[in-house]
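Examining the three-dimensional arrangement
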Amino acid sequence: MAVTPTAVEAVRMPNLDQTRELTLWRLRWQVRLTWAGLWAERLARAFWPVWVVALLVYAVPALGLAERLPQVWFTGLAAAAAVLAAGFAARGLRGFRAPRRTEALARLDATLPGRPLAALADTQAIGATDPASAEVWAAHVARMATRAAAARAPAPDPGLNRRDPYALRYVALHLALLALIFGSAGRMAGIAGLGPQGANALAAGPVWEGWVRPPPYTGKPTLYLNDITAEALELPQGSRVVLRFYGEPGALGLSETVSDAPLPQEATALGAEFTIARHGRIEITGPNGRGWDVGVLRDRPPSVAVAAPPERESDGRMKLPFTASDDFGVVAGQALIALDLPAVDRRYGLAAEPEPRAPIALDLPLPYSGNRTEIAETLLDDLSKHPFANLPVQIRLTAQDAPGQTGDSAPLSTALPGKRFFDPLAAAVAEARRDILWTVANGPRAAQVLRAVTHLPEGFVRNERAFLRLRVAIRQLESPLTPEARDTLAEELWEIAILLEQGDLASALERLKRAQDRLDEAMKNGASDSEIAELMQELRDALDNYMRQLAEEAERDPDQQMSDMQGMQMSGNQLQELLDKLQELMEQGRMAEAQELMEMLRQLMENMQVTQGPGGQGGQGQGRMRDLADTLREQQGLSDEAFNELQGGQQPGAQGQGPQGEQGQPGEGQAGRQPGQGEGVEGAEGDGGGRDLADRQRDLRNRLRALGQSELPGDGTERGQSGRRALDQAQRSMEGAEQALRDGDLPRALDRQAEAMEALRQGLRDFGEALAEEQRQQGGQGPGERFGNADPSGRRDPLGRQPGQMGRIGTDERMLQGEDPYRRALDLLQELRRRSGDLGRSEEERDYLRRLLDQF
């Protein structure tokens, strides 16, 4: 039986309608959410100014801002807020249009591709009677229903950024949140009291309100006098009383005796404001009046005191513990340090009248946060460079509280801690600096003392650059000094003293000797425990550096043999025990025994010096190293001659014989020199006065240039390149010295020569390390140096151990006799971890331990 088109249409239409209705039913919540979003958008666009005004009206009184406004201002602002709210509401109602459901469907449909909801509402325009066309249309409707099922309500977009370009809505919301968190809802109830009272209040008669605001630094809250029924009050001094009278002017009056200047009766018709300064009474007269007897809680001045005498830190800083207290907290403090002139030992450079100097003013450290009513802190400051350092002073502490009251401590008479110098020459330079700062008239005397101290510098002055700078400073001291020039020279003398004390020693042995001398001087002068601990650490570091240098020197020359010097053998542990015993004796105050042990250690270190054995040529690289050493030595001779001419006032070239010529002794390493090496400058020295210093400086520079063009150790390596850069710097400095000598500028020539010598030393260090690295890579034989404390029966390292079979520095012997080495290694690792976490140790030590642990 054939199916007619009318029958097909009758069957298809109910199915399509059911599909549409089912789809819309499934999307009913998405449509409702979209519809609600449209309501929110249009309400926000129409009425956002209204809720901005409402939030501000809530925030202002809740934060207590309305209480600070005069009544006229408050009334005007309240009226303006009401007018603005009404106007914005009327404008919003006029422009508001309620959204319809069809608009919500259109909004939701616009978020989907192909607008499936609109497609579901369409009907087939043509071909509805065609079965094939009807099938296609049904498939289309099914596909659109599938797409519509994935619809999700879009987020509302009120578009307020364009309407509110200044973000006033966020300002109002922020203030409302602050009022909600930090404000008080109870203040809202007092809004009516700030304006005219209602009819009921007026019928009951005049009313009043009052507040007491304690000073902010007390941290006490504001009191509402209407809620206080007690007849007696205790209020902090300086509290502010605010009274407001409402009703017929003059119906209420005020009588008070707590302020400095009581207000007249006619001035209190509408209220009053005054500050509580003394005990007394506050009374409101008239209907519903009330009175209080006020007792004043007076703010006591702060107190401050020195908790312990000032101490000197190891680096010279002053450490002054102090305590301070106040009933409401200390806000500032200061330490005033003045010279105690009657207690000064007026001898030598201090015999003259001092120049007037203002006391030192230092701010006391206070906690950044927390309670400041009780403070226990420590003042740390470095006053070593101040003229009062190490002189008798009086220290007075001052503390201040919030009202401005001050409290002073009792004056403390003590010596102002400052840096101490244990090197004799450095101490003399520091004393000369103190003398010229005492008064500029001490300049000639200071120059005379320093010239006498440095008269024979050989073996006494170890730092050449510091010595040259000191001689220039002496010349400036002998000239008339202005206060400005004196201050500049004092800074220069301080740097010289630091350089002499700490030094920039290139030799590990010199550093070790300096550490021994400083520690010995500290024991004689009664140094503090912290200074002794610092000097002991310096000695340990210098000794470790020296032992490491011995090992490196042994590796650099594999042809040297161990000398047969007799002596006791000492291990590393025994050496460490010796240092521990030395520190223990000093801490116990047994200085005589400590000095004997120090002398034993000194002799031990002297016996450990490296001695040059036979066959020390060491190849071409070592020959170049000796040539560089000779160049450095001859540059030193030229510098000495230039300095002698500067002292004698001669012109360059007038002196023919340098220090080496006077001694007549060849330098170390010249005996084994190859023929033809280093003849240029020696020949120049032989000419005596026939050639001036500038020509000899030029010849020495040419010789150094020739050495730089030859093959040197470490060519192509980083160390070798660093050494060549140092030689280039030395050549430039020599050229500057030559030009200065020709110009007759001896001080500038001395500076350039000092720079050249420093660059040569740096080059020697770099080339030495490069040479040692080359020998290690070539697998050279064992150490060629011998140490005085080595075992005479065989070759040993500086700690008395047998060297390894491959001739390297170190040993193949078991370090742990009779112990499980793995267990011992684990114990050592645990001990390193424990010490690295010990906060009582210095940051440098813990950083070293952490780096050591990173390797394992």
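Look a little higher up for the structure.
Residues numbered from 1 in each chain as written. Predicted model: local features only at pLDDT ≥ 70, side-chain atom pairs only at ≥ 80, totals over all residues. Heavy atoms only, no water.

**Quick look at the packing of helix 2 (residues 28–62) against helix 3 (residues 71–95)**
Viewed as axis vectors pointing N to C, helix 2 and helix 3 meet at an angle of 160°, and their least axial separation amounts to 7 Å. One finds that helix 2 runs roughly antiparallel with respect to helix 3. As helix 2 packs across helix 3, the resulting crossing turns out to be left-handed. In this structure, helix 2 contributes A46, F47, P49, V50, V53 and V57 to the contact, and helix 3 contributes A81, L84, A85, F88, A89, R91, G92 and L93. Of the residues that constitute the contact of helix 2 with helix 3, the class distribution is 12 nonpolar, 1 polar and 1 charged. (Axes fitted to C-alpha atoms, helices over the stretch in contact; angles between N-to-C directions. Helix = DSSP H or I, 4+ residues; strand = E, 2+ residues; numbered from the N terminus. Parallel < 35°, antiparallel > 145°, perpendicular 65-115°, else oblique. Left-handed = near helix turned anticlockwise from the far one by under 90°. Contact = heavy atoms within 4.5 Å. Nonpolar A, V, L, I, M, F, W, Y, C, P; charged D, E, K, R; others polar.)

**Overview of the nonpolar core**
By size, the foremost hydrophobic cluster in this structure holds 57 residues, and its most contacted members are V429, L470, L477, L493 and I496. Of all the secondary-structure elements, those providing two or more residues to this core are helix 11 (424–438), helix 12 (443–453), helix 13 (464–477), helix 14 (483–502), helix 19 (619–648), helix 22 (693–709), helix 23 (718–743) and helix 24 (746–777). Not counting residues up to four positions away in its chain, the partners in contact with V429 are L450, L470, L493, I496, A497 and L500. Formed by 22 residues, the second largest nonpolar core is a distinct cluster that contains F422, L512, L519 and M523. (Core = buried A, V, L, I, M, F, W, Y, C linked by side-chain atoms within 4.5 Å. Buried < 20%, exposed > 50% of the residue type's maximum accessible area, 1.4 Å probe, protein only.)

**Some details on a nonpolar patch on the surface**
A contiguous nonpolar patch, built from Y170, L173, L177, L180, I181 and F182 and spanning about 700 Å² of accessible area, is present on the exposed surface. Here L177 is to be found in helix 8 (residues 168–182). Residue L177 is classed as partly exposed on the basis of its relative accessible area of 45%. (Patch = residues over 30% accessible without salt bridge, like charges linked within 9 Å, V, L, I, M, F, W, Y side chains within 5 Å. Areas by Shrake-Rupley, 256 points an atom, 1.4 Å probe, with all protein chains shown as cover. Salt bridge = Lys/Arg side-chain N within 4 Å of Asp/Glu carboxyl O.)

**A short note on the sheet that holds strand 6 (residues 271–275)**
Adjacent strands of a sheet pair through backbone hydrogen bonds, lying either parallel or antiparallel. One open sheet holds the 4 strands; their spatial order is 2-1-4-6, and the pairing between them is antiparallel. Every other strand in the sheet has two partners, leaving strand 2 (223–224) and strand 6 as the edge strands with one partner each. Bridging between strand 1 (residues 207–213) and strand 4 (residues 240–246) involves 7 bridges; their strand directions are antiparallel. Bridge assignment links W208 to a residue of strand 4, and that residue is F245. (Pairing = 2+ DSSP bridges.)

**Observations concerning the sheet that holds strand 3 (residues 232–236)**
Strand order in the open sheet formed by 4 strands is 3-8-7-5, and the pairing between neighbours is mixed. Edge strands, defined here as strands with exactly one partner in the open sheet, are strand 3 and strand 5 (253–256). Between one strand and the next, the sheet's axes are offset by a mean angle of 25°, whatever the strand orientation. Relative to strand 7 (residues 280–285), strand 5 is paired through 4 bridges, and the arrangement is antiparallel. Bridging from a neighbouring strand, L254 pairs with I284 of strand 7.

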